[in-house]
Each structure stands twice: as structure tokens, then as C-alpha cells.
Protein chains: 2
Amino acid sequence: MDAFKDFEAANERYVETFGAKGALPLPPAKKLTIVTCMDARIDPAAHLGIKEGDAHVIRNAGGVCKEALRSIVISQQLLGTQEIAVFHHTDCGMLTFTNSDIKSLLEERYPAAADEVKDIDFLPFANLEQSVKDDVQFLKQHPLVLKDIRITGWIYEVETGKVRQIV
Amino acid sequence: MDAFKDFEAANERYVETFGAKGALPLPPAKKLTIVTCMDARIDPAAHLGIKEGDAHVIRNAGGVCKEALRSIVISQQLLGTQEIAVFHHTDCGMLTFTNSDIKSLLEERYPAAADEVKDIDFLPFANLEQSVKDDVQFLKQHPLVLKDIRITGWIYEVETGKVRQIV
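Residues numbered from 1 in each chain as written. Chains lettered and ligands numbered in written order. Predicted model: local features only at pLDDT ≥ 70, side-chain atom pairs only at ≥ 80, totals over all residues. Heavy atoms only, no water.

If you look chain A up in an unreviewed UniProt entry, it shows as Carbonic anhydrase from Schizopora paradoxa. The record held by UniProt for chain A lists under Catalytic activity (unreviewed entry) the comment "hydrogencarbonate + H(+) = CO2 + H2O". Entered under Function (unreviewed entry) in the UniProt record, the comment concerning chain A runs "Reversible hydration of carbon dioxide." (UniProt positions renumbered as here; feature names shortened; annotations may be inferred.)

As C-alpha cells, then:
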């Protein structure tokens, strides 16, 4: 495949119009952290109007906040962010399997890696709206996440591009 | 602050031109997974020419592959990706502290959360180029990452917008 071979041409065009972005400071201008899924259909900068310099963007399979915690603590304690927006999305892969499904599959494909498989929690979820509420609650209750800040929870609709606030 | 109040107006404009993107399939068209930092100055879709539907994008503090492993396994085993591009970047916050620095700071600010602080590895790194090589090597050697696939390692320059291949 070598998809990386497309990077250089695209990057040359980006560099040509880079301009003043080279002087942006490290701390996010909007003091905002976004957590969302790695899903290929999602471009958070595009669907939220986020520009370079505006916000930290954390992405993983599901947009799971438990795994994002290390990054959130660094974002808040070292780089001054004071607001979090959590996004999960419709048609998410994380709704389609359980830990036991994926572990069985991996044990079959990689019998020699049983120990590594056992140690991973794949963090799937069964209910989309509830998963957003649970993740916001996890952050609100965590002793290392700033108190008295805005933490909102959202669903992104891959079918329409629309965002819908849940919390 | 309430930066989230800007989401809705930006999202309305995005939805207006969403068009055929609503029919994109879940598996990434380029069979590609990108790992990069949460840094606010980085817009991977823009600097690499990645469009909605093309690639999984995993982002965390540093673009650390150890933490991205769960997502990479899901990406490869359930959604068919067969190539990984790892990006770290110049002027990264992860180069500016050690685990012991941030743990001392957190223990001082959150004395009641000493147990939580002890349990977190903040995964900082001291040398940018070496950190890219180490992360690519981690993936190449991991028993749950596909063998015989392309895994490249890159540095993104926040000063110029340019990408530079390391591995």
C-alpha cells in the first residue's frame, strides 16, 4: 500500500501556506481539550471549527476517557487547559464487540501472545449515550482532573456530520 | 471560557457541505493508522492531506505508541489497517519534564491522590529522534502488531509545518 508516499506532496502544499502558524505558542489558545474516537470518518478540526493552536485533541479507539487520563493531566497541569469536551459517535466499532469476543479472536490468531492479550482491557461499550455520560462522570469524579471546570459530552453523527450535546 | 459554545455554529457550516461523506464505510480507505501528539498546533488531516474516511488517527500526549497499542490492535484486527505512521514533533511538551518532576508537582497539588499519582507512567521522553525510533521498534517487536507491514516514523516541525521521515 505505502500510503505514506502521499504524505510528502500533501505536506509540501501545507508548508507553502503555513505562514504565521510557525509562531503559535505551545499552550492551547482556547484552553480546551477534546477527546474523540480515532475513527477515520471523523475530522474534529473540520466538524468543530478548531484551528491550529486552539485545542489539545486526544483520540483513541472509542474516545475513551480512562485511557486519555494521562494526557488530560498533562494538558491541565502543565499546559493550562480548563475545559474538556468528550465526543463518542454513531456506528462506532466499540459498540460491536465485547472484551471476550476480541480476546478469543486474538488468542486464536496469536496463541503465543496469551499473556499480552490477558493484560489488555479493550474498553468496548454497549450503549452509546450511556458511554458518553459514564466518561464525563469518570472525569468529574477523578481526583487528578480539575474541579469547577466545564466538562461537556457529545455524540457525533457520522451519517450527517452533526454534533449533539448529551451532557 | 465555555469554548464549546463555538462548536455549534462551526458544526452547522460543516453539516451544510457534508454531502456524500455520510455514506463512508467504517474501515479506513487507505488502510492506514496515524499516531501523533495531542499538541494544539498539529492538524494531521491538514498537514498530511488526510480526508474523512482515509485513516485512523490516534493522538495522545507525545504520540506515544505504548498507550496507542489497544487502539492499534483494534484498528488492525477488526478494521483491516495494514500500515502505521508514527509522528512525534519539535517543541513537544514531553521533552520538558521527567516522571519524577510531574509526580512531585501532583503530590504537592493533590496530597490526597498520592495512590493515583503513583500508578501513572506519564511516558515523557528526553530525545526526540530517538523517541520516534524507539516507538517504531516497540511496534515492530510487539507480538500483537501485524508483521510484514510498513511502519514509518516521522518528526513534524511545528515551526515550519514540515514532516521529516526518520524511520
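Read on for the rest.
Student: Which residues make up the pattern of salt bridges, and what values go with them?
Tutor: For the structure shown, the criterion picks out 14 salt bridges over all chains. Ionic pairing is found between Asp2 of chain A and Lys5 of chain A, a salt bridge with its closest N-O pair at 3.2 Å. A network of salt bridges, in which partner residues are shared, links Asp2 and Lys5 of chain A together with Arg150 of chain B. (Salt bridge = Lys/Arg side-chain N within 4 Å of Asp/Glu carboxyl O.)

Student: Quick rundown of the side chain of Asp2 of chain A? Include the residues and the values.
Tutor: Tracing the backbone through its elements, the reader meets Asp2 of chain A in the segment before α1 (7-16). For Asp2 of chain A, a relative accessible area of 18% translates into the label buried. Only 2.7 Å separates the side chain of Asp2 of chain A from the side chain of Arg150 of chain B, close enough to count as a polar contact. In this structure Asp2 of chain A touches Glu83 and Arg150 of chain B, once residues within four positions along its chain are discounted. (Helix = DSSP H or I, 4+ residues; strand = E, 2+ residues; numbered from the N terminus. Buried < 20%, exposed > 50% of the residue type's maximum accessible area, 1.4 Å probe, protein only. Polar contact = N/O pair within 3.5 Å; in protein donor to acceptor, adjacent residues only side chain to side chain. Contact = heavy atoms within 4.5 Å.)

Student: Go over the side chain of Ser71 of chain B with me, naming the residues and quoting the values.
Tutor: Mapping Ser71 of chain B onto the fold places it in helix α3 (residues 65-79). Ser71 of chain B sits in the buried class, given a relative accessible area of 0%. Those residues in contact with Ser71 of chain B that lie beyond four places of it in its chain are Met38, Asn60, Ala61 and Glu67 of chain A together with Ile58 of chain B.

Student: Give a detailed account of the environment of Asp119 of chain B, specifying residues and quantitative values.
Tutor: Residue and element names in this part refer to chain B. Its place among the elements puts Asp119 in helix α5 (residues 114-119). Judged by relative accessible area, which is 66%, Asp119 ranks as exposed. Counting along the chain gives 48 residues from Asp119 to Val167, while the straight-line C-alpha distance between them is 32 Å.

Student: Go over the interface of chain B and chain A, please, and point to the residues and values.
Tutor: At the junction of the two partners, chain B supplies 88 residues and chain A supplies 88 residues. Taking both partners together, chain B and chain A bury about 7,400 Å²; carbon and sulfur atoms supply 64% of that area. There are six salt bridges connecting chain B and chain A. The salt bridge partner of Asp2 of chain B is Arg150 of chain A, with a shortest N-O separation of 2.7 Å. On the surface where chain B and chain A come into contact, there are 37 residue pairs in polar contact (both at pLDDT 80 or more). Looking at the side of chain B that touches chain A, the element that brings in the most residues is α3 of chain B, giving nine residues. When grouped by side-chain class, the residues that make up the side of chain B that touches chain A number 49 nonpolar, 16 polar and 23 charged. (Buried area = accessible area lost by both parts, 1.4 Å probe. Nonpolar A, V, L, I, M, F, W, Y, C, P; charged D, E, K, R; others polar.)

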